[in-house]
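So you can see what is in the structure, the chains are spelled out below.
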Amino acid sequence: MARRARVVASTRRAVAITLRALALAFLWLLTACTVGAPDVSSARSSSAPVSVLRWGGDAEGGAPFVEADPAHPDSMRGFDVSIARMIASGLGREPEFVQVAYANIDASVERGDFDVGLSGVEDRPELRERHALSLPYFEFREVLAVRPEDSTRYRSLIDLAGKRVATLGATLAYQMLLKEEGRSGLIPVSYDDDVHPYTDLAAGRVEAVLLDHVIAERSLVRTGGFVIQPQSAAMGHYVAIFARADSALRDSANLILRDRMRDGSLEQVFRQWKVWDDGQAQHFGRVLAAAPAPMQLAISGAGGGFARYLPALLRAAAITLLLSTLAMALAVSLGAALAAGRVYGPAPVRGMLSVYVEVMRGTPVLLQLFVLYYGLSGVVRLPAFLAAVIGLGLNYAAYESEIYRSALLAIPRAQLEAARTLGLSEFQILRLVRGPQALRLALAPMTNDFVALLKDSSLVSVITVVELTKQTAIYATNIGSWAVPGMLCAALYLMMSLPLSRVARRLEARWSHA
Amino acid sequence: MSAVLEVRDLAVSRGEQHVLKGLDLTVASGEIWALMGVSGAGKTTVLRSIAALQPFSAGFITVGNVTLKPGALLPESRLRALRGKVGMVFQAHALFEHLSVLDNVTLSPIHALGVTRERAETVARGLLESLGVLARVDALPRQLSGGEAQRVAIARALALDPLLLLMDEPTSALDPARRGALGDTLRALARSGRGLLISTHDVEFAEAHADRVAVLSHGVLVEHGAARDVLQRPQHAATRELLASPDA
């Protein structure tokens, strides 16, 4: 009977936690919806005068798409820049550039951050469903890049079963890899930029890279160390992206683009950036005949219920939890050693440890992760997950050491003197008297740090670890909405952090009232 | 009776200022000494010097066969011999807040002396019983009354079986009834052959329970002798002042 009561009580507690989590998630969702919903009523012209065409692109994407002009870093150049100018001048407007991260172009244009997105945006069915897309102004080939010695071994995706293949996240190529993962067990590795897939290929971290031939050829010139397989894995198109409600603007842009195709000025632009070839000429012919080549790649059902994504989200949540726990374990042990060194060590040691703490706290953890993973790859080539654990662990160790140091200093001198008169050695005093008492003081800030670490672990997606936030972003990109994925993601984070805070509170209560 | 503590010509200075100067003191086994003086006279500094918690600038201190010399404090590794001979009970007791009463008393025997836990606990229970606090064996320090905490602190100091027990202002937080009980406890400890040096400004307590009294004034020992002689026929102005002070 008593046991049943306990079960009921704990169930009730669990329900209470879940309800609390859901309420929080709902609040979050409300905010997200209000901020993220397409704001049809707001006249875009109010934020941008009629004479201006605001266009969004990612200058980090670089040439030949969009890059800062080396001669005038304030202005942009690239074929997408020229196309934006063409559209603007056809509309009788002044182009105005808005910097936006590549992965956010679709969401930003829908929010009204700019009128048109142009940055090698790929024509994908799910984009077509949710936004107004222009005609395909460029046809690209998805090509496979491999190390020269593997060129006969890995000719196509089929040869890469069970191997790590890199690409840019939220792209057609990434979707192809995901499909291949289900089929052959190929391991997709998603990057946030299109440079590191190729450097990691040359470094041996991945076996192949699947990306647009434009990007592949550019990287071949820049970094080298690989060959491009002649056979295309698929064809795709670049389009300009408009907000769904802006289809009239899109139609005008289409007319302008058709004219520029006809009069050869678009060809000039592509020639100027050395991406013109026979395939492009045929593609222009098809577009002008109002019959764009049908997509050779059919990505099935990009939308869909969240049940399809739940296993991947749960797996990503497990990675987040494992990563955070290991990083925290490292941070706690290293932090304790740092704190002991700073309290007990001789002056030079104290000075050196202070420098470590200040450097780790004073520089962004993102930068540290980059340096650890990419910067040191010539010296030591860490696997991504290990680099993530070490990077977060080293960073958080600095914060932990500060907590432990102040906790150690907060233990009254009389406690230490009493221990001394009892014949305990300094190390025994630390281990048996000072440390345990300091731990009680440190518990609350440590819990705080662990919760912060759980969330900061989302940063490691920059070094290709797909954790909860990254997986959510992939999911959201696929279905074109952050509402449900965001709520699920928030709920999963809360399910990890709330029990932790609870355990910590209970421990604290036990120690202070026992 | 053999001397358990010999202090010769002890001086402690803080910068230019003398905290203690030319202090001589001998405590024999079985004796209870009351070290008296107004607040700031230097009583606690004497105790801290003897317990090697405080460096001194001149003189020497001998406890049993261990001698402390002037200069910086020695590292704990070189104070081992002293630690087994001198027990100290702090004014605020300084019990380890995170440990139970039993663990407070057994911590040092187990970790400093390497006694088995079983043996240490048997000894600890015996000490706690003799001090009347065995019932609180599982309590944490914060759950104890002031009198209980003091007796646990005494038990903790006695667990190392010291020759000399130092106590800093033991009566300050006790009601009159408890003071009497403390006096009886101290007497029992003295009978077992230990020397006791107790700092206090409680004249009544000193008169009732101490064998000998030493009076400190401005860091100098101005008068010492049998408790009754000193307290009933004070020779020095500082002693008369002490006897006349309101909280004495």
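Structure shown above.
Here is a short report on the structure shown in this document. Here the structure is a predicted model, which means the values were calculated and not measured.

**What about unusual backbone geometry?**
A negative phi angle is the norm for most residues apart from glycine, just as the trans form is the norm for most peptide bonds.
All names here are of chain B.
Piece 1. Even without being a glycine, Ala94 presents a positive backbone phi close to 50 degrees.
Piece 2. Residue classification places Ala94 among the buried residues on the basis of 24 C-beta atoms within 10 Å.
Piece 3. In this structure, Asp161 is a non-glycine residue whose phi angle is positive, near 55 degrees.
Piece 4. With respect to the secondary-structure elements, Asp161 resides in the loop between helix H5 (146-158) and strand S7 (164-168).
Piece 5. For Asp161, a count of 15 C-beta atoms within 10 Å corresponds to the partly exposed category.

**Details of helix H3 (residues 79-91) of chain A**
Residue and element names in this part refer to chain A.
Piece 1. Compared with the 18 Å implied by 1.5 Å per residue over 13 residues, the 18 Å span of H3 between its first and last C-alpha is a close match.
Piece 2. Restricting attention to buried positions, one finds in H3 the residues Phe79, Asp80, Val81, Ser82, Ile83, Ala84, Met86, Ile87 and Ala88.
Piece 3. Buried-residue contacts for H3 involve strand S1 (52-57), strand S3 (76-77), strand S4 (94-99), strand S5 (116-122), helix H9 (247-262) and helix H10 (265-272).

**Re the packing of helix H12 (residues 310-344) of chain A against helix H17 (residues 426-456) of chain A**
All names here are of chain A.
Piece 1. The N-to-C vectors of H12 and H17 enclose an angle of 140 degrees; their axes lie 11 Å apart at closest approach. Crossing hand, H12 versus H17: right-handed. Contacts between H12 and H17 involve Thr320, Ser324, Ala327, Met328 and Ala340 from the first element and Leu430, Phe450, Leu453 and Leu454 from the second.
Piece 2. Within the contact of H12 with H17, the residues separate by chemical class into seven nonpolar, two polar and no charged.

**Focus: the sheet that holds strand S6 (residues 86-89) of chain B**
Residues and elements named next belong to chain B.
Piece 1. In space, the six strands of this open sheet follow the order S6-S7-S8-S3-S9-S10, with mixed pairing throughout. Lying at the two open borders of the sheet, with one neighbouring strand each, are S6 and strand S10 (220-226). Along the sheet, successive strands turn relative to each other by an average axial angle of 15 degrees, direction set aside.
Piece 2. As paired strands, S6 and S7 are joined by four bridges and run parallel to one another. The residue bridging Val89 from the neighbouring strand is Met167, located in S7.

**Observations concerning the interface of chain B and chain A**
When the parts come together, some accessible area is lost, and that loss is often what is quoted as the size of the interface.
Piece 1. The interface of chain B with chain A comprises 21 residues on the first partner and 18 residues on the second.
Piece 2. Elements with a minimum of two residues in the side of chain B that touches chain A: helix H2 (80-83), S6 and helix H3 (101-113) of chain B.
Piece 3. With four residues, H3 of chain B is the single largest residue contributor to the side of chain B that touches chain A.
Piece 4. Of the residues in the side of chain B that touches chain A, the class split is 12 nonpolar, five polar and four charged.

Quick notes on the rules
- Residues numbered from 1 in each chain as written.
- Chains lettered and ligands numbered in written order.
- Predicted model: local features only at pLDDT ≥ 70, side-chain atom pairs only at ≥ 80, totals over all residues.
- Buried ≥ 20, exposed ≤ 12 C-beta atoms within 10 Å, placed from the backbone.
- Helix = DSSP H or I, 4+ residues; strand = E, 2+ residues; numbered from the N terminus.
- Expected span 1.5 Å × (residues − 1).
- Contact = placed C-beta atoms within 7 Å.
- Axes fitted to C-alpha atoms, helices over the stretch in contact; angles between N-to-C directions.
- Left-handed = near helix turned anticlockwise from the far one by under 90°.
- Nonpolar A, V, L, I, M, F, W, Y, C, P; charged D, E, K, R; others polar.
- Pairing = 2+ DSSP bridges.

Function cannot be read off these values alone, since they describe shape.
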